[in-house]
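Listed below are the residues making up each chain.
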Amino acid sequence: MPGGKPANREIVEHFGAVAVVALDDDGRVALVEQYRHSVGKRLLELPAGLLDMYEEDELVCAKRELVEEAGLEAEQWGVLVDLVTSPGFAEEAVRVFVAKQLREVERPDAEDEEADMDFRWVPLSEAAQMVLRGEIVNSIAVGGILAACRVAEGKAQPRDVSEPFELRPQSLPKRRAERGIVPDMKRI
């Protein structure tokens, strides 16, 4: 610390995650709604998921989550933003993709919390207003929606999906892999 004094920190380890701003041809964003026990209410969010499969590529994970949570596939992908959600105590980092040229596909049978997930289309401009009114408060959705608005306005461009996700957490996945907990690193 400043002055040379050491400080202790407790850090919540994380696998990392991905989220998807899926935009249809009418300028609507796909949102899911699910119960979040930490805040005791249902939240509107982007389709998203953990990077908990051993060495799974971020884009592969995003494509899987988009199918599982929204029943959608996309032809065009880009990177909107990389987020560190709570850097004061957690190493969670999230890569938020933008997906376009969508088509509906069959959603697999949902289990666990996804079984209670609702889905809706919201115009992107309305979603941004919902952020500003405090109706969308999930930080990943807030960052993704506002970044997508900048792109839609022509004031920014998505990055290439091949750009490395340098913030992706490594400590928990590495330790699980060393213990042989692969490919699904959350199954302990």
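Residues numbered from 1 in each chain as written. Predicted model: local features only at pLDDT ≥ 70, side-chain atom pairs only at ≥ 80, totals over all residues. Heavy atoms only, no water.

Within an unreviewed UniProt entry, the label attached to the protein chain reads NUDIX hydrolase, and the organism entered is Corynebacterium coyleae.

**Student:** In this structure, what is going on with the pairing of strand 3 (residues 41-45)? I would like to understand it.
**Tutor:** A regular strand carries its side chains on alternate faces of the sheet. Pairing geometry for strand 2 (residues 28-36) and strand 3, over five bridges, is antiparallel. Looking across to strand 3, one finds that Arg-36 is bridged to Lys-41. Where strand 2 folds back on strand 3, the antiparallel hairpin that results is connected by four residues, among which Gly-40 adopts a positive phi of roughly 70 degrees. (Pairing = 2+ DSSP bridges. Helix = DSSP H or I, 4+ residues; strand = E, 2+ residues; numbered from the N terminus.)

**Student:** Mind showing me how you'd approach the environment of Met-117 here?
**Tutor:** Structurally, the position occupied by Met-117 is in the loop between strand 6 (93-104) and strand 7 (118-123). For the pair Met-117 and Ile-188, spaced 71 residues apart in the sequence, the C-alpha separation amounts to 25 Å. Once residues lying within four places of it in the same chain are set aside, the contact partners of Met-117 are Val-32, Glu-33, Gln-34, Arg-42, Glu-69 and Arg-107. (Contact = heavy atoms within 4.5 Å.)

**Student:** Quick question: what am I supposed to make of the sheet that holds strand 4 (residues 48-50) here?
**Tutor:** Adjacent strands of a sheet form backbone hydrogen bonds with each other and so pair up, either parallel or antiparallel. The strand order across the open sheet formed by four strands is 4-1-6-5, and the pairing between neighbours is mixed. Of all the strands in the sheet, the pair left with one neighbour each is strand 4 and strand 5 (72-84). Each adjacent strand pair in this sheet contributes to an overall mean axis angle of 25 degrees, direction not counted. In the packing of helix 1 (residues 58-70) onto the sheet, contacts are made with strand 1 (17-22), strand 4, strand 5 and strand 6, and the angle to strand 5 comes to roughly 115 degrees. (Axes fitted to C-alpha atoms, helices over the stretch in contact; angles between N-to-C directions.)

**Student:** Before we go on, may I ask you to explain the pattern of salt bridges in this structure?
**Tutor:** Within this structure, the stated rule accounts for 22 salt bridges. Put simply, Arg-36 and Glu-45 hold a salt bridge, and the shortest N to O gap is 2.8 Å. Here Lys-155 and Glu-153 are joined by a salt bridge, their closest N and O atoms 4.0 Å apart. The class for Lys-155 is exposed, based on a relative accessible area of 53%. Here the residues in one salt-bridge network are Glu-33, Arg-42, Asp-116, Asp-118 and Arg-120, joined through shared partners. (Salt bridge = Lys/Arg side-chain N within 4 Å of Asp/Glu carboxyl O. Buried < 20%, exposed > 50% of the residue type's maximum accessible area, 1.4 Å probe, protein only.)

**Student:** In this structure, what is going on with the nonpolar core? I would like to understand it.
**Tutor:** Among soluble globular proteins, nonpolar side chains are generally buried collectively. Formed by 27 residues in total, the largest nonpolar core has its most connected members in Val-29, Leu-46, Val-96, Ile-136 and Ile-145. The set of elements that each furnish at least two residues to this core consists of strand 1, strand 2, strand 5, strand 6, helix 2 (124-132) and helix 3 (139-152). In contact with Val-29, not counting residues within four places along its chain, are Val-21, Ala-22, Leu-23, Leu-46, Arg-120, Trp-121, Val-122, Leu-124 and Ala-127. (Core = buried A, V, L, I, M, F, W, Y, C linked by side-chain atoms within 4.5 Å.)

**Student:** I keep staring at helix 1 and nothing clicks. Help me out?
**Tutor:** Side chains that are three or four residues apart share a direction in an α-helix, a result of its 3.6 residues per turn. For helix 1, with 13 residues, the first-to-last C-alpha span of 18 Å sits near the 18 Å given by 1.5 Å per residue. Within the sequence span of helix 1, burial applies to Glu-58, Leu-59, Cys-61, Ala-62, Glu-65, Leu-66, Val-67, Glu-69 and Ala-70. Taken together, the buried residues of helix 1 touch strand 1, strand 2, strand 4, strand 5, strand 6 and strand 7. One side-chain oxygen at the N-terminal end of helix 1 lies 2.9 Å from the backbone nitrogen of Leu-59; it belongs to Asp-57. (Expected span 1.5 Å × (residues − 1). Polar contact = N/O pair within 3.5 Å; in protein donor to acceptor, adjacent residues only side chain to side chain.)

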